[in-house]
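Listed below are the residues making up each chain.
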Amino acid sequence: MKKIFVLSFISVGYFLNAQNLSNSPYATYGIGDVKYDNTIETTSMGGISTAFISDFTSNFNFANPANNANFELTSIKLEATNENNYFKTDYNNTKSTKHSTYLSNISLAFPLSPKLKMGLSYQPYSSKSYEIVHTDYNEKTGVTIGNRFKGSGTLNTAQIALGYKINDKFAVGARANYYFGNLYDLNELAASNAELINGYETKNSIRNFNFTLGASYQNLNTSTDRKLTIGATTTFGNTSNMVTEYLNSTYYYSDVGRTVKANESIIEQKSTNSKNLLPVKASVGVGYGEENKWFLSVQGDYKKGESIAYFGQSLDLQDSYRFSAGGWYLPNYNNFRSYFSRIVYRYGAFYEKGSLQIAGQNINKFGVTAGVLLPFKNSSITRMSGLEIGLEVGKRGTLKNNLINQNYVNLKLGFNFADKWFRKTLYN
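Definitions and limits used
Residues numbered from 1 in each chain as written. Predicted model: local features only at pLDDT ≥ 70, side-chain atom pairs only at ≥ 80, totals over all residues. Heavy atoms only, no water. Helix = DSSP H or I, 4+ residues; strand = E, 2+ residues; numbered from the N terminus. Contact = heavy atoms within 4.5 Å. Areas by Shrake-Rupley, 256 points an atom, 1.4 Å probe, with all protein chains shown as cover. Salt bridge = Lys/Arg side-chain N within 4 Å of Asp/Glu carboxyl O. Buried < 20%, exposed > 50% of the residue type's maximum accessible area, 1.4 Å probe, protein only. Polar contact = N/O pair within 3.5 Å; in protein donor to acceptor, adjacent residues only side chain to side chain. Phe/Tyr/Trp six-rings, centres within 6.5 Å; stacked < 30°, edge-to-face > 60°. Lys NZ or Arg CZ within 6 Å of the ring centre and 35° of its normal. Pairing = 2+ DSSP bridges.

1. A short note on the overall build of the protein
In step 1: Helix and strand content of the protein: two helices and 20 strands.
In step 2: Counting only contacts in the protein whose residues sit at least 6 apart along the sequence, the fraction spanning at least 24 positions is 66%.
In step 3: A total accessible area of about 20,800 Å² is found for the protein, and carbon and sulfur atoms account for 57% of it.

Written out as structure tokens, the structure reads:
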């Protein structure tokens, strides 16, 4: 049984690695559209996780591995995301839509001892999936110039997390993150009076490690069941590097699908290494709530800017900031006459100052979120298994300077199966 489960875990991971994810045109820059740490539980609460310690024994927190003091069961999570993006720009009054559904997270977590907890997770970190064609017609020469931009690939992450409970109030945690994948960009220039196309290809092969450290403090007032939680994390320590291969050449396509090059002549070809792929990140949060009833938290995230090679040039990204607020509410889990009283309701909102600046405009993002945990019929307060549903509605970008405004509606669906699996029962 255990061997079958492990093989299934690996096969799902392989499928996740092969996915083609939808994203924004802004994913053309850098390593693509970042989707990491987008679990349903976190997303539904606006992204708060740094000071979030679940009241239930079935939820493992990967974002801050110190926040797993209450985790006692073996938990298996499978999650999928449906993205719906709506783009608009004042340039030629253009509008478009893009939809995608993909497996967004698979995780396994279990306690090693009453104080030490462990989790394994696999999910996409970022992706590129775009194709943009721009044409200009010169009336004097009668020549049409076409620019084609195309990108593809997914950067995935596998992680192992450990959380240790020092005492009733303090806990620490660590997570090792391994990033791997290939990202591909192509810029082609073609003219109606020329036989050959000039193409500039960039291929990034990524194999990278970094580490996340976390700490948390929670003080529970047993007379009122009210609790105060403070948490902090930092991510650092890039190892290995990103190999970037450039190819500038002329050619024409010999097939209708524009995949097979013919008569290719190389103008320039080179390879570079970069070690500053994933920047330093830090997060701090504070939360307050009532045991098994409600919780509210605010959180601030910081990510240091970095320089990334892009079509042979250096793309400088700014420092970015994100502010989140959210929480959950459980009406009355002991009310077995009303199923809706046993549902966990989640809510949140966020604002993010993006790292990307184009034409003097910051590409910022904000949104509101909501979600529910629908417990299974045999689920209890100590074994909270169920169906997870999350919704995120937001906006990214701007219409200024002919840039693109992106409105989106993301629906997330997943299952959390939690029980005392893979343990031997001891009898006296």
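Structure shown, so let's carry the discussion forward.
2. Quick look at the environment of Ser129
In step 1: Structurally, the position occupied by Ser129 is in strand S4 (residues 116-138).
In step 2: In this structure, the C-alpha to C-alpha distance between Ser129 and Gly32, residues 97 residues apart in sequence, is 8.5 Å.

3. Re the pattern of salt bridges
In step 1: One pass over the structure, following the stated rule, counts 13 salt bridges.
In step 2: The residue Asp185 makes a salt bridge to Lys128 at a minimum N-O spacing of 3.3 Å. Placement of Asp185 in strand S6 (residues 170-191) and of Lys128 in strand S4 is noted, with a sequence separation of 57 residues between them.
In step 3: Look at Lys128 and you get buried, because its relative accessible area is 1%.
In step 4: Residue Lys227 pairs with Glu291 through a salt bridge whose shortest N-O separation is 3.6 Å. Taken together, the residues Lys227 in strand S8 (residues 226-253) and Glu291 in the loop between strand S10 (281-290) and strand S11 (294-303) connect sequence positions 64 residues apart.
In step 5: The buried category is assigned to Lys227, whose relative accessible area is 1%.

4. A few points about the side chain of Thr229
In step 1: Position of Thr229 relative to the elements: it lies in strand S8.
In step 2: Separated by 2.8 Å, the side chains of Thr229 and Gln218 make a polar contact.
In step 3: Once you skip the residues sitting within four places of it in the chain, Thr229 turns out to touch Ala51, Ile53, Tyr217, Gln218, Gly285, Val286, Gly287 and Phe295.

5. Structural notes on the packing of aromatic side chains
In step 1: Inspection of the entire model under this criterion finds 16 aromatic pairs.
In step 2: Relative to Tyr253, the ring of Tyr251 lies with its centre 5.6 Å away and its plane at 75 degrees, an arrangement referred to as edge-to-face. Neither Tyr251 nor Tyr253 differs from the other in exposure class; each is buried.
In step 3: One aromatic cluster is present, built from ring pairs that chain together Tyr122, Tyr178, Phe180 and Phe209.
In step 4: Positioned above the aromatic ring of Tyr333 is the side chain of Arg342, whose terminal nitrogen or guanidinium carbon lies 4.6 Å from the ring centre.

6. Concerning the pairing of strand S7 (residues 197-221)
In step 1: Both S6 and S7 contribute to a ladder of 20 bridges, which runs antiparallel. By the bridge assignment, Ala171 is partnered in S7 with Ser216.
In step 2: Between S6 and the antiparallel strand that follows it, S7, lie five residues.

7. Observations regarding the side chain of Ser297
In step 1: Along the polypeptide, Ser297 turns up in strand S11.
In step 2: Judged by relative accessible area, which is 1%, Ser297 ranks as buried.

By themselves, these figures tell us nothing about what the structure is for.
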